[in-house]
Amino acid sequence: NEPIKRGKIFAQLKALNSDIIFLQETHLKYQTQIRLKANWIGQTYYSSFTSKSRGTAIIIRKGIPFKLKNTIADKEGRYVIVTGEIHSTPLTMVNIYAPNFDNPQFFSKILDTISELNYQNVIIGGDLNCVLDPYLDKSAKQKRINIKSKTSELLNTYMKNTNITDVWRIANPVGREYSFYSTVHKTYSRIDYFLVDTKLIPYTYNSKYHNSIISDHSPLTFSLKLEGMADKNLFWRFNPQILNNSQGCTYLKEQMIFFFETNDTPDTSPSLLWETFKAFIRGTIISYQAFQNKKNNTELLQLEQEIRQLDLENAKEPTIDKLIPKKDKDLEDPGSYRAIALLNTD
């Protein structure tokens, strides 16, 4: 709900390059949902509670041909259900922010709604606040007692009976990664999930937990290739941020001087010179931005590898002393992945 944090979250979401985004804990009232707008966002569907707690949203990137059929928004801000289609493929998207205690009744209500309305191609995502596998989804230092909570039992039974699959687990049958670290209990757990209709599994790939940079939850992404879905057409547009960089301004100025000194001759018409210059400066800017992006991505990759290594080491022997805070300047350029993304914004 804070403008600065919201701006950082939007920057990370845009950098993830996801087409559909599930957000939890938006902390926005009904009247303030307009804050979930940006020039790259096309459609937004949400449920709200108060400015202090809860709130869920499903954001669809501009240019994605999603045709809305229906929405169901929880008045308590705990979930939002959106149905529609992309390229004639029906989709049911369910974004959940579950209570942080064992509450099977909460999930029964949502799952009954999905079953009663006979929704197709269900994608359930969100902060479920429970582990589906008490052995694999908890950190090593936690006591792995093989006793599932009532919520976990309910979800596992539902998944078995309705052919819903944990999209990350299907690609990592015995893998251990975690999406949340409890500073109180000094434990890691995997409580953020995408549960996907088994019919969609052959078209899913690249399921991945990313580093928890902005939120205290790790974003989860996966890619879904729908039949007939083509890559978006990309058009070049000048990025004005380059003008805020003194090095970039100096480079462009030098290139412009070089161009006109070389090409501004008496036998060159002004119109031809202008058209040639536009092509030249466009290529120059693209080249410069590609260089800067490569440099930034290399630094970012190094930071992400350091964070991931710290997370892995801390998961073995959890202690807050190993978590090294990063300065904001290190977090301005999140990684770039195209996917369906899940992010808890709290």
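See above for the structure.
Remember, predicted model here, so these are calculated numbers, not experimental data. (Residues numbered from 1 in each chain as written. Predicted model: local features only at pLDDT ≥ 70, side-chain atom pairs only at ≥ 80, totals over all residues. Heavy atoms only, no water.)

**A few points about a nonpolar patch on the surface**
Side chains of Trp236, Phe238, Leu243 and Ile286 sit close together on the surface and give an oily, nonpolar patch of about 340 Å² of accessible area. Structurally, Leu243 is set in the loop between β13 (220-224) and α5 (246-263). (Patch = residues over 30% accessible without salt bridge, like charges linked within 9 Å, V, L, I, M, F, W, Y side chains within 5 Å. Areas by Shrake-Rupley, 256 points an atom, 1.4 Å probe, with all protein chains shown as cover. Salt bridge = Lys/Arg side-chain N within 4 Å of Asp/Glu carboxyl O. Helix = DSSP H or I, 4+ residues; strand = E, 2+ residues; numbered from the N terminus.)

**Concerning helix α2 (residues 104-116)**
For α2, which comprises 13 residues, the first-to-last C-alpha distance of 18 Å matches the rise-based estimate of 18 Å (1.5 Å per residue) to within 8%. Along α2, the residues classified as buried are Pro104, Phe106, Phe107, Ile110, Leu111 and Ile114. In an axial view of α2, the angular spread of the buried residues amounts to 155°, which keeps them on one side of the axis. Within α2, the exposed residues directed more than 90 degrees away from the buried face are Gln105 and Glu116. (Expected span 1.5 Å × (residues − 1). Buried < 20%, exposed > 50% of the residue type's maximum accessible area, 1.4 Å probe, protein only. Arc of directions from axis to C-beta.)

**Details of the sheet that holds strand β4 (residues 66-73)**
Taken in spatial order, the six strands line up as β4-β5-β6-β7-β11-β8 in an open sheet, and their pairing is mixed. The two strands at the open ends of the sheet, each matched to only one other strand, are β4 and β8 (164-166). With direction set aside, neighbouring strand axes in the sheet form an average angle of 20°. Looking at chain direction, β8 and strand β11 (residues 192-197) are connected through three bridges and run antiparallel. The residue bridging Thr165 from the neighbouring strand is Val196, located in β11. Across the sheet, helix α3 (residues 150-162) touches β7 (122-127), β8 and β11, and the angle it forms with β8 is around 125°. (Pairing = 2+ DSSP bridges. Axes fitted to C-alpha atoms, helices over the stretch in contact; angles between N-to-C directions. Contact = heavy atoms within 4.5 Å.)

**Digging into the pairing of strand β6 (residues 89-97)**
Note on strand geometry: in a regular strand, side chains alternate between the two faces of the sheet. Among the nine residues that make up β6, eight are buried, leaving the element largely enclosed by the rest of the structure. Where strand β5 (residues 79-86) and β6 come together, eight bridges link them in antiparallel fashion. Along β6, the bridge assignment pairs Gly84 with Leu91. Connecting β5 to the antiparallel partner β6 that follows it, the hairpin turn spans two residues, and His87 within it adopts a positive phi of roughly 50°. The pairing of β6 with β7 spans six bridges and is classified as parallel.

**Quick look at the environment of Arg35**
Take Arg35: it is sitting in the loop between β1 (20-24) and β2 (41-47). Along the chain, Arg35 and Arg6 lie 29 residues apart, while their C-alpha atoms are 8.7 Å from each other.

**Here we look at the pairing of β2**
Most of β2 is tucked away: five of the seven residues are buried. In terms of strand pairing, β2 meets strand β3 (residues 56-61) through six bridges, oriented antiparallel. Looking at β3, one finds that Tyr46 is bridged to Ala57.

**Regarding the side chain of Ser189**
In this fold, Ser189 is placed in strand β10 (residues 187-189). Judged by its relative accessible area of 13%, Ser189 is buried.

**Some remarks on the packing of aromatic side chains**
All told, the structure shown has 14 aromatic pairs when counted by the stated rule. Look at Tyr79 and Phe106: their rings are 6.4 Å apart centre to centre, the planes differ by 65°, and that puts the pair in the edge-to-face class. Of this pair, Tyr79 sits in strand β5 while Phe106 sits in helix α2; the two residues are 27 residues apart in sequence, bridging distant segments of the chain. Between Phe259 and Phe260, the aromatic rings sit 5.2 Å apart at their centres with planes inclined by 85°, giving edge-to-face as the arrangement. The class of Phe259 is buried, set by a relative accessible area of 3%. (Phe/Tyr/Trp six-rings, centres within 6.5 Å; stacked < 30°, edge-to-face > 60°.)

**Some details on α5**
With 18 residues, α5 ought to run about 26 Å at 1.5 Å a step, and its terminal C-alpha atoms sit 26 Å apart, in line with that. For α5, the set of buried residues is Gly248, Leu252, Gln255 and Phe259. Considered in projection along α5, the buried side chains sweep an arc of 65° and stay on one side of the axis. Those residues of α5 that are exposed and aimed more than 90 degrees away from the buried face are Ser246, Lys253 and Glu261. As for α5, its buried residues are in contact with α6 (270-316). Of the residues that open α5, the one with a side-chain oxygen 2.8 Å from the backbone nitrogen of Gln247 is Asn245. (Polar contact = N/O pair within 3.5 Å; in protein donor to acceptor, adjacent residues only side chain to side chain.)

**Details of the pattern of salt bridges**
What the rule picks out here adds up to five salt bridges. Arg169 is the partner of Asp137 in a salt bridge, and the nearest nitrogen-oxygen pair spans 2.7 Å. Placement of the pair is Asp137 in the loop between β7 and α3 and Arg169 in helix α4 (residues 167-171), with a sequence separation of 32 residues. Like Asp137, the residue Arg169 is buried in the burial classification. Here Arg190 makes a salt bridge to Asp166, at a shortest N to O gap of 2.6 Å. Of this pair, Arg190 sits in the loop between β10 and β11 while Asp166 sits in strand β8, and the two are 24 residues apart along the sequence.

**Points about the packing of α2 against α3**
Pairs of packed helices are described in terms of their axes, by the angle between the two and the distance that separates them. At a minimum axis separation of 9 Å, α2 and α3 run at an interaxial angle of 20°. Put simply, α2 runs roughly parallel to α3. Relative to α3, the crossing made by α2 is right-handed. Seen from α2, the contacting residues are Pro104, Phe107, Ser108, Leu111, Ile114 and Ser115; seen from α3, they are Lys150, Thr151, Leu154, Leu155 and Tyr158. Split by residue class, the contact of α2 with α3 holds seven nonpolar, three polar and one charged. (Parallel < 35°, antiparallel > 145°, perpendicular 65-115°, else oblique. Left-handed = near helix turned anticlockwise from the far one by under 90°. Nonpolar A, V, L, I, M, F, W, Y, C, P; charged D, E, K, R; others polar.)

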